[in-house]
Amino acid sequence: MFSRLKPLYPYLHRYRRSFLWGGLAAVLTNVIWIFFPQIIRIAIDDLNHGVTRQKILYYAGLIVAVSAAKGVFLFLTRWIIIGISREIEFDMRNDLFKRLEQQPPEYYQQHRTGDIMARMTNDLNAVRMLLGPAIMYSANTILFSVGALYFLLRISPFLTLVALAPLPLASILVQAMGGRIHQRFERIQAMFSDISAQAQENFSGARLVRAFAQEEAQIEAFEKSNREYIRRGLHLVQLMGMLWPTLEFILGLAMAITLLVGGHQVLTHRISVGDFVAFNTYMLLLTWPVIALGWVVNLFERGTASVTRINELLTDKPAIDDRDATVSPDTALRGEIEFRDLHFSYPVVADPTASGPAASGDPAEVLHGISLRIPAGTSLALVGPTGAGKSSLVSLIPRLYDAPPGSLLIDGRPVRDYPLATLRSNIGFVPQETFLFSESIRGNIAFGVPHATDEEIFAAAEAAHIRREIEEFPKGFDTMVGERGVTLSGGQKQRSAIARAILRDPRILILDDSLASVDTYTEERILEELRRIMQGRTTILISHRISTVRAADQIAVLVHGRIAELGAHDELLALNGYYASLYQKQLLEEELAVAT
Ligand SMILES: Nc1ncnc2c1ncn2[C@@H]1O[C@H](COP(=O)(O)OP(=O)(O)OP(=O)(O)O)[C@@H](O)[C@H]1O
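An unreviewed UniProt entry annotates the chain as ATP-binding cassette subfamily B protein originating from Acidipila rosea. As its UniProt record puts it under Subcellular location (unreviewed entry), the chain is described as follows: "Cell membrane".

On to the sheet that holds strand 6 (residues 427-430). In space, the six strands of this open sheet follow the order 6-7-8-3-9-10, with mixed pairing throughout. If you trace the sheet from one side to the other, it starts and ends with strand 6 and strand 10 (562-567), each paired once. Neighbour to neighbour, the strand axes of the sheet diverge by 15° on average, direction disregarded. In terms of strand pairing, strand 6 meets strand 7 (residues 508-512) through four bridges, oriented parallel. The residue bridging Gly 428 from the neighbouring strand is Leu 509, located in strand 7.

Looking now at the layout of surface pockets. Of the voids in this model, the second largest pocket is the one considered here, and its volume is about 630 Å³. Around the second largest pocket, the lining is made up of 23 residues, and of these Thr 141, Ser 171, Val 174, Leu 293 and Val 297 lie nearest the centre. Residue composition of the lining of the second largest pocket, grouped by class: 15 nonpolar, seven polar and one charged.

The next point concerns the sheet that holds strand 4 (residues 408-410). Judged by pairing direction, the sheet is antiparallel, and its four strands sit side by side in the order 2-1-4-5 without closing on themselves. Of all strands in the sheet, those with a lone pairing partner are strand 2 (365-374) and strand 5 (413-414), marking the two edges. Pairing of strand 1 (residues 337-345) with strand 4 involves three bridges; the strand directions are antiparallel. Bridging across to strand 4, Ile 337 finds its partner in Ile 410.

Ranked by internal contacts, the top residues of the largest apolar core, which has 45 residues, are Ile 445, Leu 503 and Tyr 579. Looking at this core, the element that brings in the most residues is helix 17 (residues 490-503), giving six residues. Non-local contacts of Leu 503, meaning those with residues more than four positions away in its chain, are made with Ile 445, Ala 446, Val 449, Ala 452, Glu 456, Ile 457 and Ala 460. Ranked by size, the runner-up nonpolar core spans 31 residues in total, among them Phe 344, Leu 372, Leu 382 and Tyr 418.

Once the domains are mapped, the chain shows domain 1 (2-315), domain 2 (333-349 + 362-426 + 508-526 + 538-596) and domain 3 (433-505). Measuring from the centre of the C-alpha atoms in domain 2 to the corresponding centre in domain 3 gives 25 Å. Taken together, the contact pairs 13 residues of domain 2 with ten residues of domain 3. Buried surface at the junction of domain 2 and domain 3, both sides included, amounts to about 870 Å², of which 62% is carbon and sulfur. Inspection of the domain 2/domain 3 interface yields zero salt bridges. The tally of links between domain 2 and domain 3 comes to three residue pairs in polar contact (both at pLDDT 80 or more). When contributions to the side of domain 2 that touches domain 3 are tallied by element, the ones reaching two or more residues are helix 13 (420-425), strand 7 and helix 18 (520-533). By residue number, the principal contributor to the side of domain 2 that touches domain 3 is helix 18, which donates three residues.

Bringing the packing of aromatic side chains into the picture now. This model, assessed by the stated rule, comprises 14 aromatic pairs. On the basis of an interplanar angle of 75° and a centroid distance of 5.4 Å, the ring pair of Tyr 107 and Tyr 108 is categorised as edge-to-face. Owing to a relative accessible area of 4%, Tyr 107 belongs among the buried residues under this scheme. Take Tyr 108: its relative accessible area is 37%, and that puts it in the partly exposed class. A ring pair is formed by Tyr 150 and Phe 151, whose centres lie 5.1 Å apart and whose planes are at 75°; its orientation type is edge-to-face. On the basis of relative accessibility, which here comes to 47%, the residue Tyr 150 falls in the partly exposed class. Of the residues examined, Phe 151 reaches a relative accessible area of 9% and is grouped as buried. Feature note: the residues Phe 35, Tyr 150, Phe 151 and Tyr 282 constitute an aromatic cluster, connected by ring pairs.

Cut-offs and rules
Residues numbered from 1 in each chain as written. Predicted model: local features only at pLDDT ≥ 70, side-chain atom pairs only at ≥ 80, totals over all residues. Heavy atoms only, no water. UniProt positions renumbered as here; feature names shortened; annotations may be inferred. Pairing = 2+ DSSP bridges. Helix = DSSP H or I, 4+ residues; strand = E, 2+ residues; numbered from the N terminus. Axes fitted to C-alpha atoms, helices over the stretch in contact; angles between N-to-C directions. 1 Å grid on protein atoms, 1.4 Å probe; cavity = no way out; pocket = protein on both sides within 12 Å on 5 of 7 lines; lining within 4 Å. Points joined across faces, edges and corners; volume = space filled by probe spheres on them. Nonpolar A, V, L, I, M, F, W, Y, C, P; charged D, E, K, R; others polar. Core = buried A, V, L, I, M, F, W, Y, C linked by side-chain atoms within 4.5 Å. Buried < 20%, exposed > 50% of the residue type's maximum accessible area, 1.4 Å probe, protein only. Contact = heavy atoms within 4.5 Å. Domains from an automatic or database assignment. Buried area = accessible area lost by both parts, 1.4 Å probe. Salt bridge = Lys/Arg side-chain N within 4 Å of Asp/Glu carboxyl O. Polar contact = N/O pair within 3.5 Å; in protein donor to acceptor, adjacent residues only side chain to side chain. Phe/Tyr/Trp six-rings, centres within 6.5 Å; stacked < 30°, edge-to-face > 60°.

Dropping the structure here:
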C-alpha cells in the first residue's frame, strides 16, 4: 500500500516539521488518555478501603483535569494534522493546475474535461481525507493500543490474552476487505468522471442540445450513468456495511470474554476490583480506535486510488516544452518565418477502444513538403479548400503543435531554440474558433497583457472596429461576457479576439479566418487599420475571401497539404488556377448580389 503513496512523499517531506508537532500532540493526547483508566483503578481500590467526601472530590477533580488536558491536546492534534492536509491539498491543486496549463491542445483531445475536473475535486478530496483524518486516527489507534496493551498485560497477562484473542480476526477481516474496497472505489471514481464529463459537455453544448431537441435523450443518458454511479456506490456500501458491524461484533466478543474471565479472576482474588474496572475501561476505550480502523482502511483505500489518478495527471509531461531552448528569454524577434520542406502529421491520439493497426498505424500526414519564406515585416495570405491544412500550418508557429526539427525557422533559427514564453509573447494569434472567458470585455481584450492601460485597450478595440459597439452596452467595457453576461454575436466575438491579439503589440500576427463573420465593409476597414499597425511586422491571414487576401505581399494556395500556387494577387490571377477561379466566382457572386 505504501508504494502507492510514493507520489505524496515530496509533499509530506515539505511539512515534516508540522507533522512532528502534530505527532507530539498525538503522543501527549494518548499518554494522558492511557492513564485515565489507571486513575479509575486507583480511585476504586482506594474507595474500597473507605469512602470519604474528600477522596470523592479529589478523584472527581483528577478525572475532570485529565479529560480537559486530553481535550486540549486532541484539539491541537486535529488542528495541526488537519491543517497540514489542507495545505497539501492546496499545493497539489496548484501543481495540478500548473501542469494542466502547460499541456498542448492535443492533451485536451485525449482527456475529457469532466474527467480532469473530477480528479481535481473528488480525488483531491479523497487524498486530503487520507492525509488528515486517516493519518490522525491511525496515529491515535496505534499509540493508544500500544499503551493500553502495556497496562492490560500488567493487570493480567492471561486475561489480556483471552480478551484480545478475537482481535486478529478484525485484522484479517480488514486485510481481506481492503483490496476489494480499493477496487470498488476506483470504479466509483471512474464513473464520477464520466458523469462530470457528460454534465460538462451538455452545459457547453447547451445550444446544440436544444437546437436538436435532444434534451430527453440527454436526460435519459445522464440518468443511466447516474444510476450506474449509484449502483457502484451501493456495491461499496455493501462491503462497508458488512465491515463495520463485523468489527463491532468482534469487539463485543472481546468484551464478553473480559466480563466472564475477568469477573472470575476478581472472585478468585487474582485481580482487584479496581484492576477489573480499569481493564474494562481499556477495552471500552479500545472500541472506537478499532472501529475507526475500518473507517481508516476505507480512507486509505480511497486515498491511494485517488493518489494514483492524480499522479497520472501530474506525471504527464507536456509534449512541448523548453527542453531545446538555447536563446536568451529576452531575445527580440524580427518576425521572419521560414518553412523548409515541412512535413507534418498530428500526434496520434491514443484511443483505448481501438485495437489492431488502426490504433498504432502511421498517422496521416496533413502537410507535405511545404517550403515558404515570409520575410520580416511582410504579409502572407493563405487560401485553399477546407481541410487543406491552413490552420495546421499556422498552429506550428506558436508551437501549439511541434513541426519536425529544422523545418520551421524564425529569424533563421529553429523555432525550438526560443523559449516558449519568448516565442508566444511575440505572437498575436486569433484562432478560428473564438473563445472568450466569462469575465468583462475589458478583461477579455486585456488577456495576456494584464498591465494594459485603458487607452491601450480602447485603441486596440478601435483598431478592431468593436469599440463603438462595446461602448453602447450599458456597462461598456465592464460588460460581462458569456455565462454571467451578454452573448456577443459571432462577428463581435471575432473582433474582440482581434483586439486581444493587437493589444499584445506582436511582431507576428496570425488571423485564422478571423474576419469570416464580419461584413465586407467592416472587414475592409479592419484590414486597413491592421496594415497601418502591422507596418514592419509580419502578418499571416487565412481566409476564403479574395477581398481579405488580395493586398497581401504573398498569397499561398494550399491544396491537400501542398502549396499549389504562390505569388502576389496579379501573379496568381495570371496563373489561371485555383486562385483565379475563386476570384472569378466571388466576382460573379458580388455582381449577382448587386444586380438583385
Ligand atoms: N488536432 C487534430 N488532430 C488530427 N487531425 C487534425 C487535427 N486538426 C486538424 N486535423 C486534420 O488536418 C487536416 C487539415 O485541417 P486544417 O484545420 O488545417 O484545415 P484548414 O485548411 O484550416 O481547413 P478550414 O478551411 O476548414 O479551416 C484535416 O484533414 C483535419 O481533419
